[in-house]
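Here are the chains, one letter per residue:
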Amino acid sequence: MSILKYVLDKNRPSEELIIKQGQICLTREDFWSLGLSQCMDSNIGNACLKIVEEAARRHGKNFHIVDLYAVLTWKDKNVDPEHSLPENVRSKDIILFPAWSRQADEADHYLLCVLFVAKRERVFLDSLRPDGFGDETYRTIFRHIATFIDQGSWTEKTGRDLECFPQQSTGNSCGIYMLMYALSTCTSWPLTFTEEEVPLIRQWWCIQLMERFCLEGHGQRFAHWTEAASQLLQGTLEPVFRVSNSTTTKQTPSRRVVVEEDTDKVQQPTIVRDLHTAWYWVHNHRDLFRGEVTEPAFLQMNSEDQQNAFRKALESEFPEAKDDFLFIFQYQDDMETFLSYCVDTQGLKVNAMFLNQQL
């Protein structure tokens, strides 16, 4: 068995940590969405875009790639996309906007918009529509941003205008196409792959992540050349898991503990499960917030205090009873970014406030 097969093995625990470096935190479940025939999760998509960033630097490109989760909030009228852009955005050669399109009566779909600033050129890339762009709201937003950067006249292109533009005819690989479009744009590599090669390209992206990033405190245990990788395959090295209290820990015996962990999650009340999910997202996307974010007090309590807090929230008619479940933000726009993703997009039941005003 290769280390890649180990990572993508559906019979192994989904919560095993594969990468934890800085703000990047990826489990086996994240890798399933990238390496197997599934829709790519935006969390691992952002990690792949870090690879694209590094490749662009090696090619001497001055560029900026916007976070997938940031773009997702831009359809909210209370969110100003310009706040997500760097102060020196006008000095960039290339700006990439990877977008996760969610529309009524339409399948969810990844898209990419590229701004070539010096040429004042907008390129809209959609793997399903080589001569179009499947989300008019995003198209309008990206046009507005281009005008904000340079008020001159911009030209527009689509995939059809490129010399070679691989297209998606079936399946759920739009995220892979988006990554390849981004990589080609930032490195000038030709887009010559075919749809039949997408399964291998998925594996290539997984290997790039495994060999580029580490598991903090444990080194590059998923890079094929390391002794740790050999020990994992031999079963002599304990896996590392991400558990529900937002900490990283070793567990043994691993199989039994992980099953119990997943069972606990299923039995948790919705408000508690959503609290963990939302805090996990905040933890992995700190760069979206310009101010401090305070963890809900509930997550720092012991089991007995958590039960009391949960009972109090259910039985009391006063809003103060839910204070222990509050996400507290320093700035209102940070709170709105959080609510846009966690509530509007993911449907989580969470409470938030900024300063002394609760929503």
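Look a little higher up for the structure.
Our subject in this report is the structure included herewith. Everything quoted here is computed from the prediction, not taken from an experiment.

1. A short note on helix 3 (residues 42-58)
Stage number 1. Taking 1.5 Å per residue as the helical rise, helix 3 with its 17 residues ought to reach 24 Å, and the 24 Å between its terminal C-alpha atoms agrees with that figure.
Stage number 2. For helix 3, the buried fraction is high: 14 of the 17 residues fall into the buried class.
Stage number 3. If you check the start of helix 3, you find a side-chain oxygen 2.8 Å away from the backbone N of Asn43, and it comes from Asp41.
Stage number 4. Just beyond helix 3, the residue with positive phi is Gly60, at close to 70 degrees.

2. Focus: the pairing of strand 5 (residues 109-116)
Stage number 1. The element strand 5 is largely enclosed, with a buried count of 8 among its 8 residues.
Stage number 2. Residues His109, Leu111, Cys113 and Leu115 line one face of strand 5 and the alternating positions Tyr110, Leu112, Val114 and Phe116 line the opposite face, and both faces are buried.
Stage number 3. Pairing of strand 4 (residues 94-101) with strand 5, which is carried by 8 bridges, proceeds in the antiparallel orientation. Of the residues in strand 5, the one forming a bridge with Trp100 is Tyr110.
Stage number 4. Summarising the sheet, strand 5 and strand 6 (residues 121-125) pair through 5 bridges and their orientation is antiparallel. Bridged to Leu112 within strand 6 is Leu125.
Stage number 5. Here strand 5 hands over to strand 6 after 4 residues, with Arg120 in that stretch at a positive phi of 50 degrees.

3. Things to note about helix 12 (residues 332-345)
Stage number 1. Along its 14 residues, helix 12 runs 18 Å from first to last C-alpha, staying within 8% of the 20 Å computed at 1.5 Å per residue.
Stage number 2. The sharpest bend along helix 12 measures roughly 30 degrees and falls at Leu339.
Stage number 3. The buried fraction of helix 12 is high, at 10 of 14 residues.
Stage number 4. A positive phi of about 70 degrees marks Gly347, the residue just after helix 12.

What counts as what
- Residues numbered from 1 in each chain as written.
- Predicted model: local features only at pLDDT ≥ 70, side-chain atom pairs only at ≥ 80, totals over all residues.
- Heavy atoms only, no water.
- Helix = DSSP H or I, 4+ residues; strand = E, 2+ residues; numbered from the N terminus.
- Expected span 1.5 Å × (residues − 1).
- Buried < 20%, exposed > 50% of the residue type's maximum accessible area, 1.4 Å probe, protein only.
- Polar contact = N/O pair within 3.5 Å; in protein donor to acceptor, adjacent residues only side chain to side chain.
- Pairing = 2+ DSSP bridges.
- Bend = angle between axes of the 7 residues up to and from the residue.

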